Amino acid sequence: MANLELLEKIESALDTIRPYLEADGGNVKILEVTEDQIVKLELLGNCGSCPMSTMTLRAGVEEAIKRAIPEIRGVEAVNITTPDDPRAKLPETMM
């Protein structure tokens, strides 16, 4: 398990992009940081059912975390949606 200081740094990095996620009805929650420095997240709200979530995870979430904490090697979502998922929803801003 990651130490409290590392988790606080990750939360701080996530706070820089949360307004964009929340604007589309989503958010993220840290589940764990593995021993090999991979952050595992749960995508919440619309983020959990959006076909754009893979792009958001890589271009937004992972970039923000790695910029703030260079020792993080990667970011994974445990519940990423595939574009052909019948429950998938596009963000409001794309409609």
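Model, not experiment: these values are computed from the prediction.

A.B. asks: Explain the confidence of the model for the protein here, please?
C.D. replies: Any segment with low pLDDT has predicted coordinates that should not be analysed in fine detail. For the protein, the mean per-residue pLDDT works out to 83, and 81% of the residues sit at or above 70. Taken element by element, the predicted model of the protein shows its lowest mean pLDDT in helix α3 (residues 53-68) (87) and its highest in helix α1 (residues 4-15) (95).

A.B. asks: How should the side chain of Arg18 be read in this particular structure?
C.D. replies: With respect to the element layout, Arg18 can be found in helix α2 (residues 18-23). With a relative accessible area of 11%, Arg18 lands in the buried category. Separated by 3.1 Å, the side chain of Arg18 and the backbone oxygen of Val28 make a polar contact. When near neighbours in sequence (up to four residues on either side) are disregarded, Arg18 contacts Glu11, Asn27 and Val28.

Rules of the game
Residues numbered from 1 in each chain as written. Predicted model: local features only at pLDDT ≥ 70, side-chain atom pairs only at ≥ 80, totals over all residues. Heavy atoms only, no water. pLDDT = per-residue confidence, 0-100. Helix = DSSP H or I, 4+ residues; strand = E, 2+ residues; numbered from the N terminus. Buried < 20%, exposed > 50% of the residue type's maximum accessible area, 1.4 Å probe, protein only. Polar contact = N/O pair within 3.5 Å; in protein donor to acceptor, adjacent residues only side chain to side chain. Contact = heavy atoms within 4.5 Å.

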